Amino acid sequence: MSQEIRFGVNGMTCASCVARVERVLAREPGVTAAAVNLAAETAVVQGDRVDVPRLLEAIRGAGYEPVSATATIGVSDMTCAACVGRVERAVRALPGVIDATVNLSTEAATVRYLPDTLSSAGIVAAIRAAGYAPIAPAPESDGDAAPNLQSRQAAALAGLQRDLGVAAVFTLPLLLLSMGPMLLHGLGPWLGWAPHAPQPAPLWDWVQFALATPVLLWAGRRFLRAGWTELRHLAPGMNALVMIGSLAAYLYSVAALTLPGSFPAGTANLYFEAAAVIVTLILLGRTLEALAKGRTSEAIRRLVRLQPQTARVVRPDGEAEIPAAAVVPGDLLAVRPGERIPVDGTLTEGGSYVDESMISGEPLPVRKGPGDVVLGATVNQTGAFRYRATRVGADMVLAQIVRLVEEAQAGKLPIQRVADRIAAVFVPLVMGAALLTFLGWLWLGPAPALSYAFVTAVSVLLIACPCAMGLATPTAILVGTGRGAALGILFRRGAALETLARVDQVALDKTGTLTEGRPALTDLTAFGMGEDAALGLAAAVEVHSEHPIGAAIVAAARARGLVPAPATDLEAVPGFGIQAQVAGRRVAVGAGRFMERLGVECATAADLAGHLAADGKTPIYLAADGQLLAVLAVADPIKASSRMALARLHALGLTLTMLTGDGRRTAEAVARQVGIARVISEVLPGDKAAEVKRLQAQGHRVAFVGDGINDAPALVQSDVGIAIGTGTEIAVEAGEVILMTGDLTAVAAAVALARRTLRTIRLNFFWAYAYNVALIPLAAGVFYPLTGWLLSPMIAAAAMSVSSLFVVSNSLRLRGFQP
């Protein structure tokens, strides 16, 4: 049985790291697919009977650290060794469990697991399913890493800041010693420089050595360790380039300091300050990058923080405040004005307006009354109410949204896979270019040729670090999907972003998508009496009907505050209408053929009924004692947002098609009102999918928008299915993009966001590749014979960091996206 395992990976810094981890994972037995995300620092493995401990050892062998966590969970009701074995087997069977040990004497289970695949709540549920009573877990770090991305990012940032501080403390005086006399002539004599001497006194050379050593070997140890691992696995990446560049400058200087006589004349120069500045600048870039990356998934963290920590549960002896995590389905909870709702549930008494904008993106509060669903983390406004908890923990809508977005963020776009393949060969090519640069300058360069060769080769190594390439796609996906979640648009897969950005055709279902999906009274014309009086008479009869049209008339009457009068002597004629005795009058409501059958003259309303029918509405006649009193019309009303939404889709250059199972006349009337030129009516569910397939065969990329069970085949067939989140669960499961509201303007917003994200990714790639390709010749000294330009290794290191910062900052601009 195929399973998906997700876990964090620490220590990745560039696209070549990603490629290396993916190769290592793909070689493991049972693994069918492996995808690694640099920005989210996660790996997703799919396969059959995957050995999780072996998987993690393979990651460690590649030089990276998989993220795991440990939870200690109390287990009561165990009585013997068989109970212990049963609990251990139940827990170990969960995907993401590395090891599980149960102790009968302490009545506790210690579980080591992958927190990105499994939560402690899932372990608790497995223990309960095995027939034992789990006690609230006490999660703790196992020493390998913090159990979630946010804490890992915080720990990584703290480590970078510490190393940067150490590097800066030693590098600043080193720069003063090595370059100060050139800038401030008064320092020369103090440092022992002779008036015309090219080098400082040997004492200060050794001081430079003493200052550079802790910068490289302690503050820069992450580059040395990771770089060596990359070289050992014959898969050099960014760390290998930094290690070679900085270590070359350091070792060259040490040799020049200790064995100056072994160098050609004029080449025994010191580059301690270059080695130290390289490490310091790249640490600075990494620190700024970590600060920026920490903001990329801020939208999701903000969603998670919305859930309140406590809940007010109603007990027989009164209300009690308990942790929200302790709420179980069936609990009765009380919510006061201004409070956040702790978990999902169904309102039982009271009522209020609830702000659901953090879930749906819809700014207007929603009225809630008995029987209505309320969602955890939404904000109660004016009223107080009680409700019954139905979904808690990972089952809550908020948790599902976070999970969907995280899955999308962990995905890899097709454009990223191409970039990964390029990055896998880019670093070896750069190392080859650096070697050629060194040999070229050594052979053709001016004296001292060795110094020129060394400086240019190190500059090439540093300027071409592929860090920005690895960040180009994942950072944009993180920010784009997070911004989508804030707008009520959920991307189930990251690839849906790219696919949606490329669509040129949008096919839409009618019922429930363009329309409200339920009959409603749309028109009422009364003859010789008031509209309310006519509607009241019709409702008095229809309240006894089970027909949807009757329900629409009754709902309209109640919306106007009308109370239907009692009716007697009911007579329903299937396919025609219904009549009854109301307040001494024989009242009939039904179709035109029913009026003909009763002998009611309707000629005066024929034109009116014809116009209503032409607009896709169903005319209903009201008569009393053989006299026509009113003409009503019932239809599935078009959503208020449909016209504006379709106009925006047209403005985006998309071609629209409406697919519906309704009759041609009704379908064309709706299409005419919303501005769709192409209509295909009276289609079966399979026909919708066939029509999508036909459009695809013509070379179009098709997005299908639907909400019903009958839309599922078309949602799956389309290049990207957009499911209306207010529709059925089957449609939502079939869609790759989910709109949390029924507002169709979100479709246009989703397309615009996808296009903006793809545009951002392309700009990121252009900057990362063009930047590297353009600056490599400069670093290699190609322009030196013409212009005298030569790039210092220190400048090269700074330029490399700027490239990564640009990519991350450019992605962060998506946070300000407005539909």
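Rules and cut-offs
Residues numbered from 1 in each chain as written. Predicted model: local features only at pLDDT ≥ 70, side-chain atom pairs only at ≥ 80, totals over all residues. Heavy atoms only, no water. UniProt positions renumbered as here; feature names shortened; annotations may be inferred. Helix = DSSP H or I, 4+ residues; strand = E, 2+ residues; numbered from the N terminus. Pairing = 2+ DSSP bridges. Axes fitted to C-alpha atoms, helices over the stretch in contact; angles between N-to-C directions. Contact = heavy atoms within 4.5 Å. Core = buried A, V, L, I, M, F, W, Y, C linked by side-chain atoms within 4.5 Å. Buried < 20%, exposed > 50% of the residue type's maximum accessible area, 1.4 Å probe, protein only. Domains from an automatic or database assignment. Phe/Tyr/Trp six-rings, centres within 6.5 Å; stacked < 30°, edge-to-face > 60°. Lys NZ or Arg CZ within 6 Å of the ring centre and 35° of its normal. pLDDT = per-residue confidence, 0-100. Salt bridge = Lys/Arg side-chain N within 4 Å of Asp/Glu carboxyl O. Parallel < 35°, antiparallel > 145°, perpendicular 65-115°, else oblique. Nonpolar A, V, L, I, M, F, W, Y, C, P; charged D, E, K, R; others polar. Patch = residues over 30% accessible without salt bridge, like charges linked within 9 Å, V, L, I, M, F, W, Y side chains within 5 Å. Areas by Shrake-Rupley, 256 points an atom, 1.4 Å probe, with all protein chains shown as cover.

Considering the UniProt feature "transmembrane region" (unreviewed entry) in the protein chain
The positions UniProt marks with the feature "transmembrane region" (unreviewed entry) are residues 164-183, 203-220, 240-259, 271-292, 422-444, 450-473, 765-784 and 790-808. As annotated, residues 203-220 comprises 94% helix and 0% strand, and the C-alpha atoms at either end are separated by 25 Å. Taken as a whole, residues 240-259 contains 95% helix and 0% strand, while its terminal C-alpha atoms sit 27 Å from one another.

Points about the sheet that holds strand β27 (residues 678-680)
With mixed pairing, the seven strands of this open sheet are ordered in space as β18-β30-β29-β28-β19-β26-β27. Each edge of the open sheet is held by one strand with a lone partner, namely β18 (489-491) and β27. Going from strand to strand, the sheet's axes swing by 20 degrees on average, the running direction of each strand aside. Pairing of β18 with strand β30 (residues 737-739), which is carried by three bridges, proceeds in the antiparallel orientation. Bridge pairing in β30 links Phe 491 to Val 737. Contacts from helix α17 (residues 494-502) reach β18, β28 (702-706), β29 (720-724) and β30 within the one sheet, and its direction differs from that of β29 by about 100 degrees.

Points about the nonpolar core
Judged by nonpolar contacts, the single largest core of 90 residues is most densely connected at Phe 7, Met 12, Leu 25, Tyr 64, Leu 283 and Ile 463. Broken down by element, this core gets its largest block of residues, nine residues, from helix α27 (residues 745-780). Two domains each put at least three residues into this core: domain 1 (3-66) and domain 3 (148-191 + 201-311).

A closer look at the sheet that holds strand β25 (residues 627-635)
Taking strand neighbours across the sheet as the criterion, the six strands line up as β20-β25-β24-β23-β22-β21 in an open arrangement whose pairing is antiparallel. Of all the strands in the sheet, just β20 (520-526) and β21 (567-573) have a single pairing partner and so form its edges. Averaged over all pairs of adjacent strands, the angle between strand axes in this sheet comes to 20 degrees, irrespective of strand direction. As paired strands, strand β22 (residues 577-582) and strand β23 (residues 585-590) are joined by six bridges and run antiparallel to one another. By the bridge assignment for β23, Ile 578 is matched with Val 589. Helix α18 (residues 531-542) contacts β20, β21, β22, β23, β24 (618-624) and β25 of the sheet and is inclined by roughly 105 degrees relative to β22. Sheet strands touched by helix α21 (residues 606-614): β20, β24 and β25. Its angle to β24, the strand with the most contacts, is close to 150 degrees.

Some points on the packing of aromatic side chains
Enumeration according to the criterion identifies ten aromatic pairs in this entry. Centre to centre, the rings of Phe 385 and Tyr 387 are 6.2 Å apart; their planes meet at 55 degrees, and the pair counts as tilted. For Phe 385, a relative accessible area of 4% puts it in the buried group. Note on Tyr 387: relative accessible area 0%, which makes it buried. Measuring from ring centre to ring centre gives 5.4 Å for Trp 441 and Tyr 784, while their planes differ by 65 degrees; the resulting arrangement is edge-to-face. Here Trp 441 is found in helix α14 (residues 414-444), whereas its partner Tyr 784 is found in helix α28 (residues 784-787), with 343 residues between them in sequence. For Arg 221, the ring lying beneath its charged end belongs to Trp 218, and the centroid distance is 4.2 Å. For the cation-ring pair, Arg 597 lies above Phe 576, with the distance from its terminal atom to the ring centre recorded as 4.9 Å.

As for the confidence of the model for the protein chain
Of the residues in the protein chain, 84% have a pLDDT of 70 or more, and the chain-wide mean is 81. Per-element confidence in the protein chain is highest for strand β11 (residues 332-335), whose mean pLDDT is 94, and lowest for helix α6 (residues 187-190), whose mean pLDDT is 51. Every residue in residues 138-147 is under pLDDT 50, and counting partners more than four places away or in other chains gives 25 contacts. Here residues 193-201 scores under 50 on pLDDT; set against residues more than four positions off or in separate chains, the count is ten contacts.

Describing the side chain of Thr 745
Note on placement: Thr 745 falls in helix α27. Setting aside residues no more than four positions away along its own chain, Thr 745 makes contact with Ser 641, Met 644, Ala 645 and Arg 648.

So, the pattern of salt bridges
In total, this model carries 24 salt bridges according to the counting rule given. In this structure, Asp 163 and Arg 162 form a salt bridge, with 3.6 Å as the shortest nitrogen-oxygen distance. For Asp 163, a relative accessible area of 1% corresponds to the buried category. A relative accessible area of 45% places Arg 162 in the partly exposed class. Across the pair Glu 571 and Arg 586 runs a salt bridge, and its minimum N-O distance is 3.7 Å. Highlighted residues: Glu 571 in strand β21 and Arg 586 in strand β23, separated in sequence by 15 residues. By relative accessible area, Arg 586 is classed as partly exposed at 21%.

Let's talk about the environment of Ser 16
With respect to the element layout, Ser 16 can be found in helix α1 (residues 15-26). Taking the C-alpha atoms as reference points, Ser 16 and Glu 230, separated by 214 residues in sequence, lie 9.2 Å from one another.

Some thoughts on unusual backbone geometry
The step from Ala 447 to Pro 448 runs through a cis peptide bond, and the omega angle for that step is -5 degrees. Counting through the fold element by element, Pro 448 comes out in the loop between α14 and α15 (449-463). A positive phi is found at Ala 377, a non-glycine position, where the angle reads about 85 degrees. Among the secondary structure elements, Ala 377 is positioned in the loop between β15 (373-374) and β16 (379-380). Of the residues examined, Ala 377 reaches a relative accessible area of 0% and is grouped as buried. At Ala 583, a residue that is not glycine, the phi angle is positive and equals roughly 50 degrees. Along the polypeptide, Ala 583 turns up in the loop between β22 and β23.

What to know about the packing of helix α7 (residues 202-219) against helix α8 (residues 221-232)
Following both chains from N to C, one finds α7 and α8 inclined at 50 degrees, their axes separated by 4 Å at the closest point. On the basis of their axis angle, the class for α7 and α8 is oblique. Facing α7, whose interface residues are Leu 216, Leu 217, Trp 218 and Ala 219, α8 presents Arg 221, Arg 222 and Leu 224. In terms of residue class, the contact of α7 with α8 is built from five nonpolar, no polar and two charged.

Comments concerning helix α23 (residues 664-674)
Taken as a whole, α23 has its buried residues at Ala 667, Ala 669, Val 670, Ala 671 and Val 674. Tucked into the core, α23 has its buried residues touching α21, α22 (642-651), β26 (655-659) and β27.

A short note on the environment of Gln 696
If you trace the backbone, Gln 696 turns up in helix α24 (residues 685-697). When the C-alpha atoms of Gln 696 and Gln 505 are compared, they prove to be 9.3 Å apart, with 191 residues separating the residues in sequence.

Brief notes about the pairing of β26
Along any regular strand, the residues point their side chains to alternate faces of the sheet. For β26, the buried fraction is high: four of the five residues fall into the buried class. Examined bridge by bridge, strand β19 (residues 505-509) and β26 share five bridges and lie parallel to one another. The residue bridging Gln 505 from the neighbouring strand is Thr 655, located in β26. Here β26 runs beside β27; their pairing, made up of three bridges, is parallel. What sits directly across from Met 658, in β27, is Val 679.

Brief notes about a nonpolar patch on the surface
A cluster of nonpolar residues, Leu 284, Leu 288 and Leu 291, forms a patch on the protein surface that exposes about 230 Å² of accessible area. Among the secondary structure elements, Leu 284 is positioned in helix α10 (residues 272-296).

Observations concerning the pairing of β11
Here β11 shows no split at all, with Leu 332 and Ala 334 on one side and Leu 333 and Val 335 on the other all buried. One ladder, built from four bridges, connects β11 with strand β17 (residues 385-391); its direction is antiparallel. In the sheet register, Ala 334 faces β17, and the bridge partner there is Arg 386.

Describing the packing of α17 against α27
Packing of α17 against α27 brings their axes to within 8 Å, and their N-to-C directions diverge by 105 degrees. The angle between α17 and α27 falls in the class roughly perpendicular. For the pair formed by α17 and α27, the contact residues are Leu 497, Glu 498, Leu 500, Ala 501 and Arg 502 on the first element and Ala 750, Val 751, Ala 754, Arg 755, Thr 757, Leu 758 and Arg 762 on the second. Considered class by class, the residues forming the contact of α17 with α27 number seven nonpolar, one polar and four charged.

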